[in-house]
Amino acid sequence: MKGTIVIQTDVSTGRINRNIYGQFAEHLGRCIYEGMWVGEDSSIPNTNGIRTDVLEALQKLNIPVLRWPGGCFADEYHWKDGVGPYESRKRMVNTHWGRVVENNHFGTHEFLMLCELLECEPYICGNVGSGTVLEMQEWIEYMTFDGDTPMVEWRKQNGREEPWRLTYFGVGNENWGCGGNMRPEYYADLYRRYQTYVRNFGDNRIYKIACGSNGFDFRWTEVLMREAGRFMDGLSLHHYSIGGPNWSEKGSAIDFTEGDWFLVLKNALQMDELIQRHSTIMDQYDPDQRVGLIVDEWGTWYNVEPGTNPGFLYQQNTLRDALVAAVTFDIFHRYCNRVQMANIAQMVNVLQAMVLTEGAKLLCTPTYHVFEMFKVYQDAEALAVDLQTPDYAWGEEKIPQFSTSACKDDSGRIHLSLTNLHPHQVGDLSVALRGWKGAKPQVSGRILTSSEMNAHNTFASPEQVQPEPFDDVQVSEDGLSLQLPPKSVVVITLQP
Ligand code: AHR
């Protein structure tokens, strides 16, 4: 069966916040250390201690916002241990992630320098689980105040004269679990208390994000919105797509069957239901949609690569992960009025990473390429799209064969994503362009695909999966028709 898409080219459904393309970097495994931070004395070429190859690869993604230092690590992180001369920084055990010793060499100054190099906004997650209100208050003062106080004096001694701009601050992470095993009523009260001392100094304005639900825990959202909704700007949501039957058997990142392919995509598509149901609860308390839904952890989670530290969450990344990213972005675009930020987990060497490193070597993953292809959506107007799609069935279950979303950028160009989730069947698609004025559009496109479901890049062969030009599109004044190869992601640009 054929798929049909109708795009209302003159009907915007909202602006796609560029922060949907955000990243997350935790003190976990080799994400920060080795993956980004090697120190100035490293033989790996670096920029003020940050690996130059990783930096240059990431700069091409136009990363809008970066979340740090966790994750679970955030609720055991004490920021004062991570500033000042390296030799006197206090070491600690990273109890969540491999019980390795953290030397605190990557701290507040290093993180905010990384954000400046990436030209992105910092999103810092504070410690509620094991930190004090005073500690959180002083961190904000240290970073953003400009006046004669001990915190500011200390910042200056540590090499930073001017306050930084800090836009996003999370008050705890997963406080229903690793962040303190709290009940929503208890966390809601703590949130109200801690956020009181997250102050705006000078013209710095902080967008405060409360810890949200674990996936399908809708009661958490209900309690948080009821008890603390008026004190927050954003409420988070975490959703991971595992590749196996449960959290003990999460499946392999590269060694999988078609059933596993289907399962991961089905799990990823649950994001739609999650956003819809959490938004419905939020709408009751916040009908004007003032509070953003902040999906600050999402992505695939498999068993770690054989032979690697189980606490380091290092996994390979295939074409399947690229499709997960593409269909997830299509969902975020559909809910762009409520979803104001999303941060894939994680940026380097952990879970669904953009970049993997091994010693001085680097590769960009298939997921990286989707982020690069989709960056045209950042800050564009989402367009009204109607998709009629056949199903892709596996056993008794089915998911849609196609996924799509469209946007119009500031210069009037229209961008259209098309994903074929079926691993074997070519998809016949027709695209009607309602409201399109003028002559036949000029069309250009790129495709990410491969003959293998588990195609991936390796350090020996880092360009196995990468975008290629895609111009097999029949264009008329009314629209387009094309054949979408199996297991592919296409982004097409239409120019008047
Ligand atoms: O991203 C890995 C972990 O997943 C984060 O630390 C935690 O917040 C979540 O459970």
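Residues numbered from 1 in each chain as written. Predicted model: local features only at pLDDT ≥ 70, side-chain atom pairs only at ≥ 80, totals over all residues. Heavy atoms only, no water.

### Quick word on the state of the cysteines
Keep this limit in mind: Our working definition of a disulfide is a cysteine sulfur pair at a distance within 2.5 Å. By the criteria applied, helices consist of DSSP H or I runs no shorter than four residues and strands consist of E runs no shorter than two, each listed in order from the N terminus. Under the scheme applied here, a residue whose accessible area is under 20% of the maximum for its type counts as buried, over 50% as exposed, and between as partly exposed, the area being computed with a 1.4 Å probe on protein chains only.
If you walk through the whole model with that rule in mind, you get 1 disulfide. The side chain of C72 participates in a disulfide bridge whose partner is C178; the two sulfur atoms lie 2.2 Å from each other. Sign of the S-S torsion, about -90° for the bond between C72 and C178, identifies this disulfide as left-handed. Of the two residues, C72 sits in the loop between β5 (65-68) and β6 (92-94) while C178 sits in the loop between β9 (168-171) and α5 (184-196), which places them 106 residues apart along the sequence. Summary of cysteine pairing: C31 is not part of a disulfide, and the nearest cysteine sulfur, belonging to C115, is at 13 Å. As a non-bridged cysteine, C115 has C120 as the owner of its nearest cysteine sulfur, 4.0 Å distant. Take C115: its relative accessible area is 2%, and that puts it in the buried class.

### Some remarks on the sheet that holds strand β12 (residues 292-301)
As a reminder, the rule being used: Should DSSP find at least two bridges between two strands, the strands are taken to pair. Each axis is a line fitted through C-alpha atoms, taken for helices only over the stretch in contact, and angles between the N-to-C directions span 0 to 180 degrees. The contact criterion used throughout is that any non-hydrogen atoms of two residues lie within 4.5 Å.
Strand order in this closed barrel of 8 strands is β2-β5-β8-β9-β10-β11-β12-β13, and the pairing throughout is parallel. Going across the sheet, the axis of each strand differs from the next one's by a mean of 30°, ignoring polarity. Packing against the sheet, helix α6 (residues 218-228) makes contact with β10 (207-214) and β11 (234-242), and its axis sits at approximately 150° to β10. Its contacts with the sheet place helix α7 (residues 258-285) against β10, β11, β12 and β13 (339-345), and it is angled at close to 160° to β11.

### Comments concerning the nonpolar core
Burial of nonpolar side chains together is a common tendency in soluble globular proteins. The cut-off we apply is this: Residues belong to one nonpolar core when they are buried, are Ala, Val, Leu, Ile, Met, Phe, Trp, Tyr or Cys, and are joined through side-chain atoms within 4.5 Å.
Membership of the largest hydrophobic core comes to 127 residues, with the highest contact counts inside it found for L58, F169, W298, F329, F332 and F374. Counting 21 residues, the second largest nonpolar core, distinct from the first, contains F402, L416, L480 and L494.

### Let's talk about the pairing of strand β17 (residues 391-394)
As judged from the 4 bridges shared by β17 and strand β18 (residues 397-400), these two strands associate in the antiparallel manner. Along β18, the bridge assignment pairs D391 with P400. Where β17 hands over to β18, the hairpin turn is made up of 2 residues, of which G395 adopts a positive phi near 60°.

### Quick notes on unusual backbone geometry
For residues other than glycine, phi is negative in most cases, and the peptide bonds are mostly trans. Cis geometry is adopted by the peptide bond preceding G71, which originates at G70 and carries an omega value of 20°. Tracing the sequence through the fold places G71 in the loop between β5 and β6. Despite not being glycine, R99 shows a phi value in the positive range, around 55°. With respect to the helices, strands and loops of the structure, R99 is situated in the loop between β6 and β7 (100-102).

### Focus: the UniProt feature "domain: Alpha-L-arabinofuranosidase C-terminal" (unreviewed entry) in the protein chain
Our working definition: UniProt positions are given in the numbering used here, feature names are shortened, and annotations may be inferred rather than shown by experiment.
Per the UniProt annotation, the sites labelled "domain: Alpha-L-arabinofuranosidase C-terminal" (unreviewed entry) are residues 296-488. Along residues 296-488 the backbone is 12% helical and 40% strand, and the end-to-end C-alpha distance reaches 26 Å.

### Comments concerning the packing of helix α1 (residues 52-59) against helix α2 (residues 108-118)
Rules: Reported orientations rely on four angle classes, namely roughly parallel under 35 degrees, roughly antiparallel over 145, roughly perpendicular from 65 to 115, and oblique for the rest. Charged means Asp, Glu, Lys or Arg here, nonpolar means Ala, Val, Leu, Ile, Met, Phe, Trp, Tyr, Cys or Pro, and polar covers whatever is left, Gly included.
It is at 10 Å that the axes of α1 and α2 come closest, and there the two elements cross at 50°. Comparing the axis directions of α1 and α2 gives the class oblique. Two secondary-structure elements touch here, α1 through L55, L58 and Q59 and α2 through L114, L117 and L118. In the contact of α1 with α2, the residues fall into 5 nonpolar, 1 polar and no charged.

### Some words on the side chain of H27
Topologically, H27 is positioned in the loop between β2 (22-24) and β3 (46-47). Overall, H27 belongs to the buried group, its relative accessible area being 3%.

### Details of the site of the ligand
We count it as follows: Residues are labelled near a given molecule or strand when at least one of their non-hydrogen atoms is within 4 Å of it. Here a polar contact means two N or O atoms within 3.5 Å. Within protein one must be a hydrogen donor candidate and the other an acceptor candidate, and residues neighboring in sequence count only if both atoms are side-chain atoms. Accessible areas in this description were obtained via Shrake-Rupley with a 1.4 Å probe; residue shielding takes into account the shown protein chains only.
Around the ligand sit 13 residues, and of these E26, C72, E174, Y240 and E297 come closest. Take N173: an N or O atom from its side chain is 3.0 Å from an oxygen atom of the ligand. Between the ligand and the protein, one listed contact pairs an oxygen atom with a side-chain N or O atom of Y240 at 2.7 Å. Expressed as a share of its isolated accessible area of 280 Å², the protein-covered part of the ligand is 94%. Class assignment of the residues belonging to the shell around the ligand gives a composition of 7 nonpolar, 3 polar and 3 charged.

### Quick notes on the pairing of strand β19 (residues 402-408)
The element β19 is extensively covered by neighbouring structure, given that 6 of its 7 residues are classed as buried. When strand β16 (residues 381-388) meets β19, the two strands line up antiparallel, connected through 2 bridges. Bridging from a neighbouring strand, E381 pairs with K408 of β19. Counting the residues between successive antiparallel strands, the hairpin from β19 to strand β20 (residues 414-420) contains 5 residues, one of them, G412, with a positive phi of roughly 90°.

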